[in-house]
Structures are given as C-alpha cells and as structure tokens.
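What follows is the residue order along each chain.
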There are 2 protein chains.
Amino acid sequence: MITIKDIAEMAQVSKGTVSRVINGTPGVGDETRKRILKIIKELDFEPNASAQGLAAKRTNNIGLIIPHTGKYSLANNYWPIILTEITQQAALRDYNVLISTARSEDDVNSAYKSILKGRRVDGLIIGGYQFGEKQVAELMLKEFPYVFIGRNSYISSYYVDVNGVAGTRSMTEHLVHLGHKEIAVLAGPENFINIQERLQGFKDAMNQAGLRPHHIYHCKYHMEEIVKGTKRILQQKPRPTALFAVAEDLAVGVLKAVNEMGLRIPEDLAVTFFDDLPFFECFHPTITAIRQPVEEIGSTVSNLLFTLLEGKTPVHRNVILPTEIIVRESCGSTLPQGSKAKS
Amino acid sequence: MITIKDIAEMAQVSKGTVSRVINGTPGVGDETRKRILKIIKELDFEPNASAQGLAAKRTNNIGLIIPHTGKYSLANNYWPIILTEITQQAALRDYNVLISTARSEDDVNSAYKSILKGRRVDGLIIGGYQFGEKQVAELMLKEFPYVFIGRNSYISSYYVDVNGVAGTRSMTEHLVHLGHKEIAVLAGPENFINIQERLQGFKDAMNQAGLRPHHIYHCKYHMEEIVKGTKRILQQKPRPTALFAVAEDLAVGVLKAVNEMGLRIPEDLAVTFFDDLPFFECFHPTITAIRQPVEEIGSTVSNLLFTLLEGKTPVHRNVILPTEIIVRESCGSTLPQGSKAKS
DNA sequence: TTGAAAGCGCTAACAT
DNA sequence: ATGTTAGCGCTTTCAA
C-alpha cells in the first residue's frame, strides 16, 4: 500500500510538504506543488482516512440517524429522498455518510455510542423526535455539531422542520370550505410530536369554523391495524363525510379499507392525506394531499450541518418550511384539478 | 477525551492489556479482565475508531454503493428495504454502513476512490450493474472483499440476484393462459442487464406459446416519457390486450396513462408489473405483479460479505433467489384473488 | 498473564 | 518554502 512517504521520496521532498499539498495548505512552491500533484495522480494515491482522522481529529464523515417507526422506516417517500439529498450534498464537500437506522428505542443508544463516541463522524444529522434526551444533552455539552430533522422539544438545537400546524389547518379549511362538517382524522401514534402538531392545526381550524373536532383516532403504522381502524371509523353512524389521514404510512391501509367497504371516493367519502405520495397521481380518483418539501428539508439540513462543520454560525438556528396543498380529485373539489395552494 | 491510557492507569495495568480486553483477545486474567471491563463501562468508554483503524488495518465499516438510475434511485420499494436489511445485519456485527449513491456514471469512480482507496471500509456491497470494469478488476486483484447485488457480467464475482428470466416467463405464461395473445411490454433502458434478462423470459414464453413477442418498448425512468410511451403503445391498432411493465419505476406512469386514456382495468386492458409495490394492494383494481424477495436479497448479500470479512469462504459464490407471482385483479384472472405461484 | 515498545500513516507545530 | 519531529490512540510483537 502506497503512503505519503512514498510520494515524498519520489518527489524528493519531505512528508510534511506532501501533506500540505494534499490539504491545500498554503506555503508550498508552485513548482513543487505541481510536481507532487502529478505523482499523486499517476499513482492514484488517496490518503489513508484512518491516519488522517487520527492525526487531524477529523473523519470527513457525517452520521445520519434515522428513527424507528414502522417495519421499514426507510421505505416511504420521505427518508429515501432526504438520504439521497444528504449524500449528494456530502459528496460535493468530500464527505461520506455513515448511516444508522435505529431499530428500536434502545437501539438509539448503541447507534449513538458506536458512531459518535467512537469518533467515526464529525457531525450528526438526527431524524425524528424520539432521540434520547441524555444523548442530546451530551452532544450539546461537548459542542459536537448536530442538526435535527424535526423539531426537538427539550433542548434548543439546530433543526429543520415543516409547518405541520399550518398544513393541516389549511387542509381542514379546504374540507370545511367544501361543505364537510363531520371530518374524521386518523393519526399515527399519539406520542409523536409531529403528529400532535398536525392535530393541533386540525383542531384550530375546526374550532374556528365552529365545528367539533371530536373524530380523532390514533393507530400504529401497522397495516392490519390501519385497515381495521379505518373501517371502524367509517362504520359509525352518521358516517363522517371526510377522512383525513395525517401520516403517509397510513395511506395504503386507509385506501385499502375504503376499497373493501365499497365506498366511492369522493361521492361517498372525501379522502386526503398529510404527505403526498407518487401513486396519488395515478390513483383513481387522484388523491388530494399535503406536500412537504422533502428535497428542501434534506438540502437545508445538510447546509446547516456543513456550516457548523466549517466553524461558522448559521444565520438561522431553525428553519421551518411551508407545506403545500395539492388539490386533486379525492375530495370532490370544485377547484380546477391540479391547482395548488401554499400554506 | 478519554483513551485506553486512562483506562490502563485506573486499572493499574498496561495499555496492551486494556487493548486485549477490548478485543476479546485471550491471555488476560479473569480477575483483571473484569476489573477493566467495569471501568470501561463506568466511564462509558469507546475506543477511537480512527486509531483502531490505523493500527489494526480494520475500520469496522462496510460500504454500500447504490447505482444511479432515476432521479431518486433510492426512492422506490427496493433499495430502502435492502439498505434497512444491510444496516441491521451490520449493526448485529458491530459494523457501520457507509453509503454512497453514485450520481452518474462518472461519479462511480469518485465514490469508489474516496471510500475504498481511502480505506474507509473493510468490504463493499455494490448494487447494480453499471459499476466500472476497471474498478472491479482492481478489487479482485487486491483481494478486497466485495459482493454484488445483481449479476455482474464481466468478472466472476460473488453476487446475489433474482431469477428475472423465470419471473417474466411465468408471468407471461399466466397472461397467455388467460387468453392474451397481443401482449405489450414496456421496459427500462435497453442497456441494463436485468432488463435484458427479464425480456428474455418474456420472449421465451411467447415463443413457446407460438406467439410473437414483437411489442417490446424501452423508455427511461422519467415520468413524462413513461406516460407518453404507454399511450403510444396503447394507441396502436389493434390495441394490445395486456400490458406488462418490467420495472417498478414504471408503475405510476403506466397507471397514470391508462387512467388518462379512460381504459378500464382489466376489462379493456390487463396490466401487470415486475416488482410488487405496496400500493398495488389498495389500487382499484388490485394489481397483479411479480414479487422479488427484497428482504432476503439484503440479508443474503450481507451474510455473504460478512463471511468474506471473517476470512471464510462462502459455500456458494452466487445466490439466485426465486420470484413469486402475486395474482390480484388487474389481469382479470379467474384464479382466486391473492393466490400465489412460485417460479 | 502481563508489560514495554515499536509502529500504523498522517498532521501540525516548530525550525531552518 | 521546506524539513524535522513529536505525537494522534490504538494494536501487536517480543520479553519477562
């Protein structure tokens, strides 16, 4: 295996000079730099990352911790896009991405230990809300660079989030505007902060419209439970005229249940979701939904972290991105199909 | 920051002994080992990965290279599940996963250089077929552990793949059995080996049935192109009675086009896909598809790599996994809905 | 069973 | 502008 020592010998210079060239440190003659660069290129030399890491206390890796929600937390329309965005932003800056999907609550700590205490990364992007308080406190204390995706309640941290309250509020207003009074909401687990937030927007809008937001149901992200839950909601008398499911992981189960009950959308029931999925566009009827700017979340969170890694102070500690209502056919909207409304 | 030197001093032993305990190396007194372990636990010590990597020439990281196909190669039902599986298998063995989504053909090399030549990983899982020949040759030459997901044509490597030929063959037979004679196939880019393979199965089955497999069309994984392509196929006279799309990335576009043309499935047209997607189950009608054992691909490829990393020789160099036909409603099957047929 | 010591390949401070 | 050198925190050989 080839090292900077070899390069140094071939270029008739010291290791230090080679190191300077590799790191772009000023203070090397133009002529010398060119000579060394040429040799590096010829030999296709790449410095040993462990050695660099040890000496410079810098790994050029960032870590990404993805929360455990359902069976495949990654297998939806959210994390894959964010991950893609992050790896691309990282690649642009010569960083690599170490990924860790926490498999359970307990696992968060093991992921954290190995990645962080083992100094495998220079900074951390933490997805989701259920990351341990103790760990966050430790990150803060050690001034380790980290950014959250999703608001984080306990400690004032850097984070990027979406305005879930406004999103559900305007969707609810949309439904009310269409004449719905009995609107049922199916939501994910009660203890998720983002779910609570989304529900708040629903309640606000309902109260403001003088309607009672009493049809709220929770269920885990588990297919059978979702199907059962949906059916139970729709078997009530009188049946709600609209169903608003506020998490993308509910989509397939909800639509399956509606199908199985033989209800027609939107004639018998208006249906809409928080999170827009690709297949909503090919569904019959096409599905109205709230779209999050997923790519933007990914790039924003990357930019925040890399600003931190450069030792700079980001202009904003927190970035709240807006959602967008994509009006399609599933609510029987009278608006022209495909029209959008910012919120 | 705390190091093994600190631990050694506290335990009144040498660094070497602490190192032995950390690595589970035999030759340490039972009493001593316990004492050291206790201190490590109390201080929540985790050895510095860079130092370990440098000294032991082992990083405890594996790399995953995901190919560039569409806009978000990751955002489908395949890679996220495989990635989840790999990270879990890795975590079980105290390995971390470094991910690299090659953004383009050229990018493969930069990902490769940084990850591999920088010695950031001990082994590599390479997804897709378009990885550079030169790089593979180098991996082989240096006896660097690597495993492919998907057959790899040029060099005899370890790989895990799915029997695409058999999958499309039996789906085609299924369609023929249902009475279809004019079956159109929409496929991904012509130069992908997996696509070629799938087409082979189609041709085989058609020939065997005495039918002509002339309705084969290719298109890139780009929404508009897919919609246009599908419409063009379905505007031919006489219109094919069945449409078989052989890549999951085509699904939304194909269904959208069919919808827009006002064709009824399965009355006017039978539709089916290579790759089963979650939403096929809630679509109206539910969609018949070929299912790949995605989880199993992920776990098998992990096991292969970790066997290699342990210095052992895997029993099989290659694993070919079977696909499964999930019969639902979209082909107007007379078979009971939800029945399965192995292939 | 344990300790001592020599490196692993690099960076960075200090000399020149 | 360049060389010299002392580590970075660990593993591993060799001695004891």
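Rules of the game
- Residues numbered from 1 in each chain as written.
- Chains lettered and ligands numbered in written order.
- Predicted model: local features only at pLDDT ≥ 70, side-chain atom pairs only at ≥ 80, totals over all residues.
- Heavy atoms only, no water.
- Domains from an automatic or database assignment.
- Contact = heavy atoms within 4.5 Å.
- Salt bridge = Lys/Arg side-chain N within 4 Å of Asp/Glu carboxyl O.
- Polar contact = N/O pair within 3.5 Å; in protein donor to acceptor, adjacent residues only side chain to side chain.
- Helix = DSSP H or I, 4+ residues; strand = E, 2+ residues; numbered from the N terminus.
- Nonpolar A, V, L, I, M, F, W, Y, C, P; charged D, E, K, R; others polar.
- Core = buried A, V, L, I, M, F, W, Y, C linked by side-chain atoms within 4.5 Å.
- Buried < 20%, exposed > 50% of the residue type's maximum accessible area, 1.4 Å probe, protein only.
- Near = heavy atom within 4 Å.

Undergrad: Before we move on, can you summarise the domain arrangement of chain A with the specific residues and values?
TA: Residues and elements named next belong to chain A. Domain boundaries assigned for chain A yield domain 1 (4-162 + 296-321) and domain 2 (164-293 + 323-342). Relative placement of domain 1 and domain 2: their C-alpha centres are 38 Å apart. Across the contact, 14 residues belong to domain 1 and 15 residues belong to domain 2. Between domain 1 and domain 2 we count one salt bridge in total. Between E197 and R151 there is a salt bridge, with the nearest N and O atoms lying 3.5 Å from each other. Taken together, domain 1 and domain 2 are joined by six residue pairs in polar contact (both at pLDDT 80 or more). Going through the elements one at a time, β5 (159-162) and α12 (294-309) are the ones with two or more residues in the side of domain 1 that touches domain 2. When the residues that make up the side of domain 1 that touches domain 2 are grouped by side-chain class, the tally is five nonpolar, six polar and three charged.

Undergrad: I'd like to hear about the nonpolar core, residue by residue, with values.
TA: When a protein is soluble and globular, its nonpolar side chains tend to lie buried together. Counting 151 residues, the largest nonpolar core has V254(A), L255(A), F279(A), V254(B), L255(B) and F279(B) as its most contacted members. Not counting residues within four places of it along the chain, the set of residues in contact with L255(B) comprises C282(A), I265(B), V271(B), F273(B), F279(B), F280(B), F283(B) and I287(B). One finds I65(A), F148(A), I155(A) and Y112(B) within the second-largest nonpolar core, a separate group that totals 32 residues.

Undergrad: Describe in detail the protein's contact with DNA strand C, supporting the description with residues and values.
TA: The full set close to DNA strand C counts 26 residues, and I4(A), S19(A), R20(B), G29(B) and T32(B) are the nearest of them. Sugar and phosphate atoms constitute 67% of the interface atoms of DNA strand C, taking the interface as everything within 4 Å of the protein. In this structure, a phosphate oxygen belonging to DNA strand C sits 2.5 Å away from a side-chain N or O atom of S19(A). Measuring from a phosphate oxygen of DNA strand C, one finds a side-chain N or O atom of Q52(A) at 3.0 Å. For the surface near DNA strand C, the element with the highest residue contribution is helix α2 (residues 15-23) of chain A, accounting for five residues. Of the residues belonging to the surface near DNA strand C, the class tally is 10 nonpolar, 12 polar and four charged.

Undergrad: Any details on unusual backbone geometry? Residues and values, ideally.
TA: Excluding glycine, most residues fall at negative phi; most peptide bonds, likewise, are trans. Each neighbour pair has its own omega, and for I265(A) with P266(A) the value is 0 degrees, a cis peptide bond. Each neighbour pair has its own omega, and for K237(B) with P238(B) the value is -10 degrees, a cis peptide bond. Summarising the element assignment, P238(B) is placed in the loop between α10 (223-234) and β8 (242-245). With a phi angle near 55 degrees, D44(A) is a residue other than glycine that sits in the positive phi range. In this fold, D44(A) is placed in the loop between α3 (30-43) and α4 (49-56). Taking the relative accessible area as the measure of exposure, D44(A) reaches 28% and is therefore partly exposed. With a phi angle near 65 degrees, D94(A) is a residue other than glycine that sits in the positive phi range. Tracing the chain through its elements places D94(A) in the loop between α5 (79-92) and β2 (96-101). Note on D94(A): relative accessible area 58%, which makes it exposed.

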